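Coordinates in review
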Amino acid sequence: MNDKYSMSEQESLQLISSMIDKAKNSYHDRGTASILWGTVISICSLVTWAQIYFDHWLGFDIWMLTIAAIIPTVWLSIREKKLRKAKSYDQTAMDAVWMCFGMAIFLTVHASLAAGAAFASLKDTIEHAGMSRPAISFNEYSSSYMLTLYGIPTLVTAAIKNFKPMYIGGIICWLSAIISIYTPVDIDMLLMALSAITAWLIPGIILRSRSKSKTEAQHV
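Note that this is a predicted model, so its numbers are computed, not measured.

With respect to the overall build of the chain
Tallying secondary structure elements over the chain gives seven helices and zero strands in all. In the chain, the order of α-helices and β-strands from amino to carboxyl end is α-α-α-α-α-α-α. For the chain, buried positions account for 36% of its 220 residues. Restricting to contacts in the chain with at least 6 residues of sequence separation, those with at least 24 account for 74%. Carbon and sulfur atoms make up 68% of the accessible area of the chain, which totals about 13,000 Å².

Quick look at the packing of aromatic side chains
Per the stated rule, a full pass over the model turns up four aromatic pairs. Plain terms: the ring middles of Trp49 and Tyr53 are 5.1 Å apart, the flat faces sit at 20 degrees to each other, and that makes the pair stacked. With Trp49 and Tyr53 both in helix α2 (residues 32-54) and four residues apart, the pair spans about one turn of that helix. With centroids separated by 5.0 Å and ring planes inclined at 85 degrees, the aromatic side chains of Tyr53 and Phe54 adopt a geometry described as edge-to-face. Across this residue pair, the class does not change: Tyr53 and Phe54 are exposed. Site record: aromatic cluster; members linked through ring pairs are Trp49, Tyr53 and Phe54.

Description of the nonpolar core
Within the largest apolar cluster, 24 residues are counted, with the highest numbers of intra-cluster contacts made by Trp37, Trp63, Tyr150 and Trp200. Counting residues per element, the ones that place at least two in this core are α2, α3 (65-83), α4 (89-128), α5 (139-161), α6 (164-179) and α7 (185-218).

Quick look at a nonpolar patch on the surface
The grouping of Tyr141, Tyr145, Ile171, Leu175, Ile178, Ile179, Ile181 and Tyr182 at the surface amounts to a nonpolar patch, some 850 Å² of accessible area in total. Among the secondary structure elements, those contributing two or more residues to the nonpolar patch are α5 and α6. Residue contributions to the nonpolar patch peak at four residues, all from α6. Among the structural elements, Ile178 can be located in helix α6.

Overview of the confidence of the model for the chain
For the chain, the average pLDDT comes to 77, and 74% of its residues sit at 70 or higher. By mean pLDDT, the top-scoring element of the chain is α6 (94), and the lowest-scoring one is helix α1 (residues 2-24) (44). Confidence over residues 1-7 falls short of pLDDT 50; this stretch has zero contacts with residues more than four positions distant or in other chains. Confidence over residues 11-27 falls short of pLDDT 50; this stretch has 23 contacts with residues more than four positions distant or in other chains.

A closer look at α2
Spanning 23 residues, α2 covers 33 Å between terminal C-alpha atoms, matching the ideal 33 Å at 1.5 Å per step. Among the residues making up α2, those that are buried are Thr32, Ala33, Ser34, Trp37, Gly38, Val40, Ile41, Ser42, Cys44, Ser45, Thr48 and Gln51. Among the residues trailing α2, Asp55 stands out with phi positive, at a value near 55 degrees.

Quick word on the side chain of Asp188
The residue Asp188 is located in helix α7 in this model. Despite being buried, Asp188 has no salt bridge partner; Lys123 is the closest side chain of opposite charge, sitting 14 Å away. At a separation of 2.5 Å, a polar atom in the side chain of Asp188 contacts the side chain of Thr183.

As for the environment of Ile181
Looking at where Ile181 falls in the secondary structure, it is placed in the loop between α6 and α7. By relative accessible area, which is 36% here, Ile181 ends up partly exposed. Separated by 41 residues in the primary sequence, Ile181 and Glu140 have C-alpha atoms spaced 7.4 Å apart. In this view, Ile181 contacts Tyr141 and Ser144; residues no more than four positions away in its chain are not counted.

About the cut-offs
The residue numbering used here restarts from 1 in each chain and proceeds along that chain's sequence as written. Note on the predicted model: pLDDT of at least 70 is required for a residue's local features to be given, and 80 or more for side-chain atom pairs to be given and counted; whole-chain, interface and lining totals, by contrast, use all residues. Hydrogens and water are ignored here; the side-chain numbers use all heavy atoms of the structure. Put simply, DSSP H or I for four residues or longer makes a helix, DSSP E for two residues or longer makes a strand, and each gets a number counted from the N terminus. In this scheme, a residue with accessible area under 20% of its type's maximum is buried, one over 50% is exposed, and one in between is partly exposed, where area comes from a 1.4 Å probe on protein chains only. Residue contacts are counted whenever heavy atoms from the two residues lie within 4.5 Å of one another. Per-residue and other accessible areas follow the Shrake-Rupley method at a 1.4 Å probe size, with only the shown protein chains counted as cover for residues. Ring geometry is summarised as follows: Phe, Tyr and Trp rings, the Trp one being its six-membered ring, pair when their centres sit within 6.5 Å, and such pairs are stacked at plane angles under 30 degrees, edge-to-face over 60 and tilted between the two. Note on terminology: a nonpolar core comprises buried Ala, Val, Leu, Ile, Met, Phe, Trp, Tyr and Cys residues joined through side-chain atoms within 4.5 Å. Like charges are joined within 9 Å and nonpolar side chains (Val, Leu, Ile, Met, Phe, Trp, Tyr) within 5 Å, but only among residues with over 30% relative accessible area and no salt bridge; these make up the patches. For this document, the term salt bridge refers to a Lys or Arg side-chain nitrogen within 4 Å of an Asp or Glu carboxyl oxygen. The pLDDT value tells you how sure the predictor is about a given residue, anywhere from 0 up to 100. To estimate the expected span of a helix, count its residues, drop one, and scale the result by 1.5 Å. In summary, the charge assignment counts Lys and Arg as positive and Asp and Glu as negative, without counting His or the chain termini. Residues adjacent in sequence count toward polar contacts only when both atoms are side-chain atoms; beyond that, a polar contact is any pair of N or O atoms within 3.5 Å, and within protein one must be able to donate a hydrogen and the other to accept it.

Take a look at the structure:
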């Protein structure tokens, strides 16, 4: 009876440990969300920089790719909610943070485009009135808002997971937000690409590697 009780207790502990590990192994822990957003934002930023530098426009808004990032983010969250019986509070918090971040990026981009168009129209009116066309552009400052947004989910995730690479990335985002106030748009795009790579892409790859190593260790 003692042996049976001992084995039952041991199995129970193993089951609890296994459930905890599974609950922790969300797409945030695997780095999926970080890699996704790091890739999308860095591509959008670098393509925008290239368009400015080479003075060649694609004919469509490359930042519409943010929609492509929102869709899988929401899909992954819904899929995990259906498949997972247990979900930790930190997963719930990070799901909310990253989905709100995705919508905030999408809305900010389109609000910035609308504001930029309004500025251009105003400058046209001033020029048609016989005055010199103002050199100031809203787009020179919109990057600062974006970079400020980038730092929020990065630092929240870093705090929840106590993950140093994301702390560094979040700080780089906010430092870049300050620098971008004083730099031209093409440099702003490079700062945005740098921020996306250091805040999300590199930390996401680190998380992916850790998750893969942990999974392989469990199957040995």
